[in-house]
Amino acid sequence: MSKIIIITNDLELGGIQKSLIDFLKYLTGSDQYEIDLVLWQKDGDLKEQLPLAVNVIQNEYIATWKKIAEANSSAAKLKLFGAYLKFSLYAKIVKKPWLYYPKVKKQYDIAIAYSQNGYPRFYTVDNVSATKKFLWYHHGSYDSTKREFELDQKYFEKYDKIITVSESNKKMLTEHFPQFENHFFVVPNLIASPEILLNSGQKVMDFKIEDGIFNFVTVSRFSKEKGIDLAIAVAKKLKKYGLKFRWYFIGQGETFDEITSEILKNQLENNCILLGSKKNPYPYMKGANLYIQTSYIESQSLTVYEALVLKKMIVATNLPALREALQDGELGILCEPNADDFVEKIIRILSDKNAQHLLEKAIEDHTVSNEKGYEAINELL
């Protein structure tokens, strides 16, 4: 039985985390692997979905000054402060904060850093002993400080393979790191179609279906690269045009408050409904007339593939990863990243019954398959 260790940050609701759960379910579906999972954050909405066969190893972020001050005894405060000082030494002097954490004593056949964010990509190299090491890269762009770029150049070389989740993602990384072209290997994220279809049947009370009112749905993290600001600009123009619609947004993130303010400022609160995070977004997606993705950056949009599983008409930004998912517009409508193009194409598809019929037939005839993902994982491992 092969011993595998996987290192990631957390199991909050998000694309990386959801893809990890499906990856682990596939691995534990056979008796070939013994799996340890290293996490830096204790809780998370998806933790309950972890397969029972996965053994969790818990690291913890260093206590903040606030937590140190709130400690219930002098001894506890002293212990936390000592750890804080030691961590600061690794962070500021050594400039490798992940070295504060103890090395993993067990020997593994395979070590996987499942996120390009934070410590996992460095910790896996320096603190884990394994015959082979792989890094999963999920982001649709590469943007880093000079220090991070220098570290990535050094650490990427130490991985046997760097896994990208789409061909377009591989091409993007190759442009930044041409010397590692032979290191890059595509493993598409797995899509749990049976679970999506099953969960889409759940009844929800905060979603209205009314004659004469179109329902749009977007499931996304609220961050700059996901383009929720563009969605609000589109909604503003659609309202001015006179279209009757409700646009449901599912997700949380750093721009949530900013988007809330923008909705109120433009008096869109009856059109743009922010539902926050949902463990099960699929009933909302199933009830949508259109699934809309206004991202500026994507690596491999899980939600677009999930919308295809649910046979939804999709309107999305014309990005390489989304062109790949929607087969150059055969399975959805691609728009330039500006409000006018989105508005024009949304109105056109909603008013053209013949175009709707052709698109719906193409989607109906298409099957979202994991075969390429399974073959890639099997070849890799």
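Just so it is clear, the model here is predicted, and its values are computed rather than measured.

S.K.: Can you tell me about the packing of aromatic side chains, naming the residues and giving the values?
M.R.: A complete count under the given rule lists 29 aromatic pairs for this structure. Each ring, one from Trp40 and one from Tyr101, has its centre 5.4 Å from the other, and the planes form 85°; the classification is edge-to-face. In this pair, Trp40 is assigned in the loop between strand 2 (33-39) and strand 3 (55-58) and Tyr101 in the loop between helix 3 (74-93) and strand 4 (107-113), connecting sequence segments 61 residues apart. Summarising the burial analysis for this pair, Trp40 and Tyr101 share the class buried. With a centroid separation of 6.2 Å and 65° between ring planes, the pair formed by Tyr142 and Phe149 is classed as edge-to-face. Taking the ring centre of Tyr155 as reference, the NZ or CZ of Lys158 above it sits at 5.2 Å.

S.K.: Explain the sheet that holds strand 9 (residues 245-250) residue by residue, including any values.
M.R.: Read from one edge of the open sheet, six strands run 10-9-8-11-12-13, paired in parallel fashion. Edge strands, defined here as strands with exactly one partner in the open sheet, are strand 10 (272-276) and strand 13 (333-335). Strand-to-strand twist in this sheet, taken as the mean axis angle between neighbours without regard to direction, amounts to 25°. When strand 8 (residues 214-219) meets strand 11 (residues 290-293), the two strands line up parallel, connected through two bridges. Within strand 11, the position partnered with Val217 by the bridge is Tyr291. The sheet strands contacting helix 11 (residues 302-309) are strand 8, strand 11 and strand 12 (314-317), and the helix crosses strand 11 at an angle near 170°.

S.K.: Go over the nonpolar core, please, and point to the residues and values.
M.R.: By size, the foremost hydrophobic cluster in this structure holds 62 residues, and its most contacted members are Phe216, Val217, Val234, Leu238, Trp247, Leu290 and Ile346. Not counting residues up to four positions away in its chain, the partners in contact with Val234 are Trp247, Ala339, Phe342, Val343 and Ile346. Among the nonpolar cores identified, the runner-up in size contains 32 residues, and Trp40, Tyr101, Tyr108 and Ala130 belong to it.

S.K.: With reference to specific residues and values, describe the sheet that holds strand 7 (residues 184-186).
M.R.: Strand order in the open sheet formed by seven strands is 3-2-1-4-5-6-7, and the pairing between neighbours is parallel. Strands at the two margins of the open sheet, each flanked by one partner only, are strand 3 and strand 7. Strand-to-strand twist across the sheet, computed as the mean angle between neighbouring axes with direction ignored, equals 25°. Note that strand 6 (residues 161-164) and strand 7 share three bridges and pair parallel. In the strand pairing of strand 7, Ile162 is matched with Phe184. On top of the sheet, helix 4 (residues 120-127) reaches strand 1 (2-7), strand 4 and strand 5 (129-137); it is set at about 160° to strand 4, its chief contact.

S.K.: Just give me the short version of the environment of Lys158, but keep the residues and values in it.
M.R.: Within the secondary structure, Lys158 is located in the loop between helix 5 (146-156) and strand 6. Separated by 145 residues in sequence, Lys158 and Leu13 have C-alpha atoms that sit 30 Å apart.

S.K.: Outline the environment of Tyr123, listing residues and values.
M.R.: Looking at the secondary structure, you find Tyr123 in helix 4. A relative accessible area of 2% places Tyr123 in the buried class. With 24 residues separating them in the primary sequence, Tyr123 and Leu99 have C-alpha atoms 7.3 Å apart.

S.K.: Can you explain the packing of helix 8 (residues 228-241) against helix 13 (residues 339-351)? Please cite residues and give values.
M.R.: The N-to-C vectors of helix 8 and helix 13 enclose an angle of 55°; their axes lie 9 Å apart at closest approach. Of the possible angle classes, the one that applies to helix 8 and helix 13 is oblique. Crossing of helix 8 over helix 13 shows right-handed handedness. Contacts from Leu230, Ala233, Val234, Lys237, Leu238 and Tyr241 in helix 8 reach Ala339, Asp340, Phe342, Val343, Ile346 and Ile347 in helix 13. Across the contact of helix 8 with helix 13, the residue classes break down as 10 nonpolar, no polar and two charged.

About the cut-offs
- Residues numbered from 1 in each chain as written.
- Predicted model: local features only at pLDDT ≥ 70, side-chain atom pairs only at ≥ 80, totals over all residues.
- Heavy atoms only, no water.
- Phe/Tyr/Trp six-rings, centres within 6.5 Å; stacked < 30°, edge-to-face > 60°.
- Helix = DSSP H or I, 4+ residues; strand = E, 2+ residues; numbered from the N terminus.
- Buried < 20%, exposed > 50% of the residue type's maximum accessible area, 1.4 Å probe, protein only.
- Lys NZ or Arg CZ within 6 Å of the ring centre and 35° of its normal.
- Pairing = 2+ DSSP bridges.
- Axes fitted to C-alpha atoms, helices over the stretch in contact; angles between N-to-C directions.
- Contact = heavy atoms within 4.5 Å.
- Core = buried A, V, L, I, M, F, W, Y, C linked by side-chain atoms within 4.5 Å.
- Parallel < 35°, antiparallel > 145°, perpendicular 65-115°, else oblique.
- Left-handed = near helix turned anticlockwise from the far one by under 90°.
- Nonpolar A, V, L, I, M, F, W, Y, C, P; charged D, E, K, R; others polar.

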